[in-house]
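Coordinates in review
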Amino acid sequence: MTQLPDSLDEAIAQAVQSTEAAIADGLTRLQVELLFPELPIMPVAQAFVAGFAERGSGLRVFFPDAGAAALARRDWGEVPYAVRGIEDVKTEIQPEETLILFIQPSSVEVGKVEALCQQAGDRPVVFFNPRLEDVATIGIGYAGRQLRERFLNQFQPCYSIRPLENAAVFRAYPALWQVWLEQDETYQLVAEEAQRPAGEALDTILLRAMGQEPSSPVPNRGLFAELQRFLRALSQ
C-alpha cells in the first residue's frame, strides 16, 4: 500500500511513479494533483518533468503562456525535450513525441488544449495541477456540459493529494482513493473508495472514523492553519 508522502520530494516521486504505472496500463488521459496552498509551481513542475527526461525528444512540455515557457527554458537549462507555451507559433505535436505534459493548463486556454490533445491522438497526455474547471470561463449551461463530457471528463487523476482540516484525501495509481485522518499526531488510513470522496460522503467517512454520528458537525480547527501545518509536516 502506498503511504502518504512525508515530504514534497516524495510526493513528486510518487506522482511520477503513478503516472508511469498508469501509462504502462494503457491509460492515455491523466492528471496529477498536488493540491497544496501556495505551491511554488515552477520548481515543483521542474522536478516532476525531470522524472520523464529520459524520454528525450519523445517528451513535450506545455505551459499556459509564452512567458512561463520562456522562464522554464531559462531556469531549467539545456534539456532534451521541447518546452513551449500553448499559444506559441510552433506548438504542433511532432511524430516522435510520445508523452505530452501540460503544466497548470487553465480554462482560458481550454480550446487550444483540446485541439492539441486531438493532435496527440492515442498518445498519453498528462495535466499537472490543471485549473480547467473555472465555471465563469467554461460555463454552466449546455456548452460547458458538452465540454466536460467531450473532453474534460476523459482525464482521470493518477495521483492526487489534498490536505484537509485534520485529514487528507489521497490517490496513487493503481490504488483506490484513500482518506487519511490525523490521530495522535500521525495520519491513519480510515477509508478506501473507488471514487473520489467529497462533500457529504467525505464528511460521513471522517465523522465515523472519529466515532461520531454523521449528523454531527465536522470539527473545524481552522482550514488555513491546518493546511499550513500539513505543509510544514511534508517539508520536514
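In this text the structure is predicted, and so the values were computed from the model without any measurement.

A few words on the sheet that holds strand E8 (residues 177-183). Spatially, E3-E2-E4-E5-E1-E6-E7-E8-E9 is the arrangement adopted by the 9 strands of the open sheet, whose pairing is mixed. Only two strands of the sheet have a single partner each, and these edge strands are strand E3 (82-85) and strand E9 (186-193). Direction aside, the axes of adjacent strands within the sheet are offset by 20° on average. As defined by bridge partners, strand E2 (residues 59-63) adjoins strand E4 (residues 99-103) across 4 bridges and the pair is classed as parallel. When the sheet's bridge partners are listed, Leu59 is paired in E4 with Leu99.

To continue, consider the packing of helix H1 (residues 8-24) against helix H2 (residues 41-50). Contact geometry for H1 and H2: axes closest at 9 Å, N-to-C directions at 40°. The pairing of H1 with H2 is recorded here as oblique in orientation. With respect to the hand of their crossing, H1 and H2 are arranged in right-handed fashion. Within the contact between the two elements, H1 uses Leu8, Ile12, Ala15, Val16 and Thr19 and H2 uses Val44, Ala47 and Phe48. Per-class residue counts for the contact of H1 with H2 are 7 nonpolar, 1 polar and no charged.

Before going further, it helps to spend a moment on the side chain of Ser106. The topology assignment puts Ser106 in the loop between E4 and helix H4 (110-120). Here Glu109 takes part through its side chain, which lies 2.9 Å from a polar atom of the side chain of Ser106. With residues near it in sequence (within four places) discarded, Ser106 still touches Arg131 and Leu132.

Take the packing of aromatic side chains next. Taken as a whole and judged by the stated rule, the model has 9 aromatic pairs. Look at Phe127 and Phe155: their rings are 3.9 Å apart centre to centre, the planes differ by 15°, and that puts the pair in the stacked class. Of this pair, Phe127 sits in strand E5 (residues 125-128) while Phe155 sits in the loop between helix H6 (142-150) and strand E6 (156-163); the two residues are 28 residues apart in sequence, bridging distant segments of the chain. In this structure, Phe127 and Phe155 share a single accessibility class: buried. Taking the centre distance of 5.6 Å and the plane angle of 90° together, the rings of Tyr159 and Phe170 count as edge-to-face. Of this pair, Tyr159 sits in strand E6 while Phe170 sits in strand E7 (residues 167-172), and the two are 11 residues apart along the sequence. Just as Tyr159 is buried, Phe170 falls in that class too. An aromatic cluster of three or more residues is present, and its members are Phe62, Phe102, Phe127, Phe151 and Phe155.

Conventions adopted
- Residues numbered from 1 in each chain as written.
- Predicted model: local features only at pLDDT ≥ 70, side-chain atom pairs only at ≥ 80, totals over all residues.
- Heavy atoms only, no water.
- Pairing = 2+ DSSP bridges.
- Helix = DSSP H or I, 4+ residues; strand = E, 2+ residues; numbered from the N terminus.
- Axes fitted to C-alpha atoms, helices over the stretch in contact; angles between N-to-C directions.
- Parallel < 35°, antiparallel > 145°, perpendicular 65-115°, else oblique.
- Left-handed = near helix turned anticlockwise from the far one by under 90°.
- Contact = heavy atoms within 4.5 Å.
- Nonpolar A, V, L, I, M, F, W, Y, C, P; charged D, E, K, R; others polar.
- Polar contact = N/O pair within 3.5 Å; in protein donor to acceptor, adjacent residues only side chain to side chain.
- Phe/Tyr/Trp six-rings, centres within 6.5 Å; stacked < 30°, edge-to-face > 60°.
- Buried < 20%, exposed > 50% of the residue type's maximum accessible area, 1.4 Å probe, protein only.

So, to be careful, I would describe these as geometric facts and stop short of saying anything about function.
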